[in-house]
Number of protein chains: 2
Amino acid sequence: MRSPYDLEISETCSVCRFCAERLFRNLPASTLHAFDAIKSLSLYPKGATLFVEGQQPRGVYVLCAGRAKLTASSPEGKTVIVRLAEPGEVLGLSATISGEPYHLTAETIEPCQADFVRRDDFLRYLREQPEVSLRVIEMLSEILRTAHAQIRSFGKAHSAAERLAGLLLCWGERMGDRTQEGIHLKLPLTHQEIAQMIGASRETVSRLLGELRHQQIISLNGSGLLIRNSDALSVKAGH
Amino acid sequence: MRSPYDLEISETCSVCRFCAERLFRNLPASTLHAFDAIKSLSLYPKGATLFVEGQQPRGVYVLCAGRAKLTASSPEGKTVIVRLAEPGEVLGLSATISGEPYHLTAETIEPCQADFVRRDDFLRYLREQPEVSLRVIEMLSEILRTAHAQIRSFGKAHSAAERLAGLLLCWGERMGDRTQEGIHLKLPLTHQEIAQMIGASRETVSRLLGELRHQQIISLNGSGLLIRNSDALSVKAGH
DNA sequence: GTTCCAATGTGACAGTCGTCACAGAGAAAG
DNA sequence: CTTTCTCTGTGACGACTGTCACATTGGAAC
C-alpha cells in the first residue's frame, strides 16, 4: 500500500509516473519538456492549504504524491468534502481556465508533492500543445463522472448507512489491499470528515461504523480498517 | 419568457444563437462551417430519449432549443435527476470523448431541436480545430461547477425544505421573468421529478410547496409559479 | 511517564421525512 | 360530455438521524 512517507522526489515530470500516466499519456517528450519549463515543484506537509474557495485563480496544482481533500464551506461554517484528490490529478483546473474564483478549497491530508503552474503559463501551454487539451478534457470528464456518481448516491441512497457503505466500498477499490482476510485500508479521514463527505453527523458515522463492526462486516483498529465481508457491505450500499 | 413552441428552425449553426454564443464564441467562420458539415439536425417531441445510461456512445447532441433532463437510474428503478440541460449545452460529451458508455440518460422535457455529431467525426473535429477544445473545457468546467454546487447543497442543506428553496431560487434566476409582483416562471418538472432532483419524496415536495404558498412566499396555479418573496426564500435556502 | 487535546463511543430525545393510503383536480382522448 | 389516467393534496405513523451531553480513548509533545 502507498505510504504517505515514501515521496520519491523527482525534479522533472518526465519521471513522475502519475503525471506521465494521466496528463501526458501518449504525448511526445517535447510536450513534457515544455511542461517542465513552466512548472515549479513544492512539498507540502499534512494539512497545508493549496488554495481557498473565493480566491482569484493563481494557477493549477498537479498532485504528484499524497492526497488532498477538496471542500466547500458555507457562510455559517458548515463544510462539505466534495471529493478526495489522488496523485496525478490536476487541482484548480476549472477556475484557472474560466478565470473565475476557485470554487473549492484544496487542503492536503497527507504530506504532498505538487507541481504548480501559473495561470497564464498554463493557458499558453494549452494553446501551444493542443494535444494536452484533449487530456484535460478526459480528466474533466472523469471528475464529472465521479461527481455525478456522488449526486446519484445522495439522491438515491436516502440513509446515511447506504452512503457510508458505498464510500467504504469505493475506498476499498481505490486504495485497499486485498488479503485473504479481506480488504485492508487506512482511513484517510476522521469520522468528522467522513461525515462531511456523506452528509451526516459525526455521531452517526461513529454509530454506523460501530454497527458494521458489531456485525462482523468490518474490523477497526485506530485508523486501520479491514473489510471482512464486502458482499454484505455491497448489500448495505444498495448495489 | 422562452416558450417551448417557438422553435426557430435553423439549418446551419451559424445562425443558431445558442450554439454561436457558447460552443463557438469568438471562433472563425471556418470552424462553424466545419461543424455544419458533420452535424445533423433533428427535432424531438417532449419526452423523447436522446441516449440511455449504459449505451455505447454514438456521439454528442448539441441542444439548440428546448430543455432536457439528465438522469441516473439504479437497478431497483430509483431515478435521480442530475441536472437540467438548457439550449447551447452539449450532451453526451464525457462518454463520447472517453469512449465509455453514457453514464446518464438524456430525455427531453419540452419539444427540442438538437444537432447530432457522430463520435469519430467529433473527435476528428476537435483535433482539427484545437480552439474548440478550449471551449469544450470551459463548458465542462461550468458543468462541473454546477455539479459541485449540487453536491454541496446535498451535503450541507440537510432539510428538504432548504434544498427545494434553493432549487426554486436557482430556477427563478435562470428562467424567471421579473415583474413588480415577483418572479414568474413555469415549473419545468412535475412534483415527482422535483423530488428526484432534491432527493426527497413526491409527498414532501407537495407539502413543502403548499407550506410556502400558505406563507405567502410563493403562488401556484397549475405549473405556473410566482415567487412573491425571494428574500424569505433565500432565508429558507440557508443563503 | 505525564499532560493535554483531538478523536471517538454512546445515551436520550425531538424533529424531519419516507411510506402507505386515498381523495380530489386537471388534462388529454374518445 | 364522459372516460381515463396522471398529477396533486393530505392524514397517520414510524424509522432515521441530528443535536446535546458526557465519558473514554489515543496519540503527540514535553
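K.L.:
Mind showing me how you'd approach helix H6 (residues 160-175) of chain B here?
P.N.:
Side chains of residues three or four places apart in an α-helix project in the same direction, reflecting 3.6 residues per turn. Over its 16 residues, H6 of chain B extends 22 Å from the first C-alpha to the last, a length consistent with the 22 Å expected when each residue adds 1.5 Å. Buried residues of H6 of chain B: Ala160, Arg163, Leu164, Ala165, Gly166, Leu167, Leu168, Leu169, Trp171, Gly172 and Met175 of chain B, and no others.

K.L.:
Sorry if this is basic, but what is going on with the protein's contact with DNA strand C here?
P.N.:
Around DNA strand C, the surrounding shell holds 16 residues, and the nearest of these are His191 of chain A together with Ser159, Ala160, Ser201 and Thr204 of chain B. For DNA strand C, a phosphate oxygen lies 2.4 Å from a polar atom in the backbone of Ala160 of chain B. The separation between a base nitrogen of DNA strand C and a polar side-chain atom of Glu203 of chain B is 3.4 Å. Counting residues per element, the ones that place at least two in the surface near DNA strand C are helix H8 (202-214) of chain A together with helix H8 (202-214) of chain B.

K.L.:
What is the right way to read the pattern of salt bridges from this model?
P.N.:
Think of it this way: side chains of opposite charge can pair up when their charged atoms draw near. Applying the stated criterion across every chain, the model contains 25 salt bridges over all chains. For Glu53 of chain B, the salt bridge identified is with Arg152 of chain A, shortest N-O distance 2.9 Å. Of this pair, Glu53 of chain B sits in the loop between strand E2 (49-51) and strand E3 (59-65) while Arg152 of chain A sits in helix H5 (residues 130-156), each in a different chain. Relative accessible area serves as the criterion here: at 24%, Glu53 of chain B is assigned to the partly exposed category. Put simply, Glu193 of chain B and Lys69 of chain B hold a salt bridge, and the shortest N to O gap is 2.5 Å. Here Glu193 of chain B, found in helix H7 (residues 191-198), pairs with Lys69 of chain B, found in strand E4 (residues 68-73); they are 124 residues apart in sequence, far enough to count as distant. Given a relative accessible area of 11%, Lys69 of chain B falls into the buried group.

K.L.:
Explain the interface of chain B and chain A to me, please; I cannot follow it from the model alone.
P.N.:
Interface extent is often summarised as the accessible area lost during association of the parts. Each partner contributes to the interface: chain B provides 43 residues, whereas chain A provides 43 residues. Buried area between chain B and chain A, both sides added, is near 3,900 Å², and the carbon and sulfur share of it is 69%. Contact with chain A buries surface across chain B, with Arg145, Ile151 and Arg152 of chain B losing the most and accounting together for 18% of the total. Summed over the shared surface of chain B and chain A, the result is four salt bridges. Between Glu100 of chain A and Arg145 of chain B there is a salt bridge, with its nearest N and O atoms 3.9 Å apart. At the boundary of chain B and chain A, one finds eight residue pairs in polar contact (both at pLDDT 80 or more). Among the secondary structure elements, those contributing two or more residues to the side of chain B that touches chain A are E4, strand E5 (79-85), helix H3 (93-98), helix H4 (119-128) and helix H5 (130-156) of chain B.

Thresholds, definitions, all that
- Residues numbered from 1 in each chain as written.
- Chains lettered and ligands numbered in written order.
- Predicted model: local features only at pLDDT ≥ 70, side-chain atom pairs only at ≥ 80, totals over all residues.
- Heavy atoms only, no water.
- Helix = DSSP H or I, 4+ residues; strand = E, 2+ residues; numbered from the N terminus.
- Expected span 1.5 Å × (residues − 1).
- Buried < 20%, exposed > 50% of the residue type's maximum accessible area, 1.4 Å probe, protein only.
- Near = heavy atom within 4 Å.
- Polar contact = N/O pair within 3.5 Å; in protein donor to acceptor, adjacent residues only side chain to side chain.
- Salt bridge = Lys/Arg side-chain N within 4 Å of Asp/Glu carboxyl O.
- Contact = heavy atoms within 4.5 Å.
- Buried area = accessible area lost by both parts, 1.4 Å probe.

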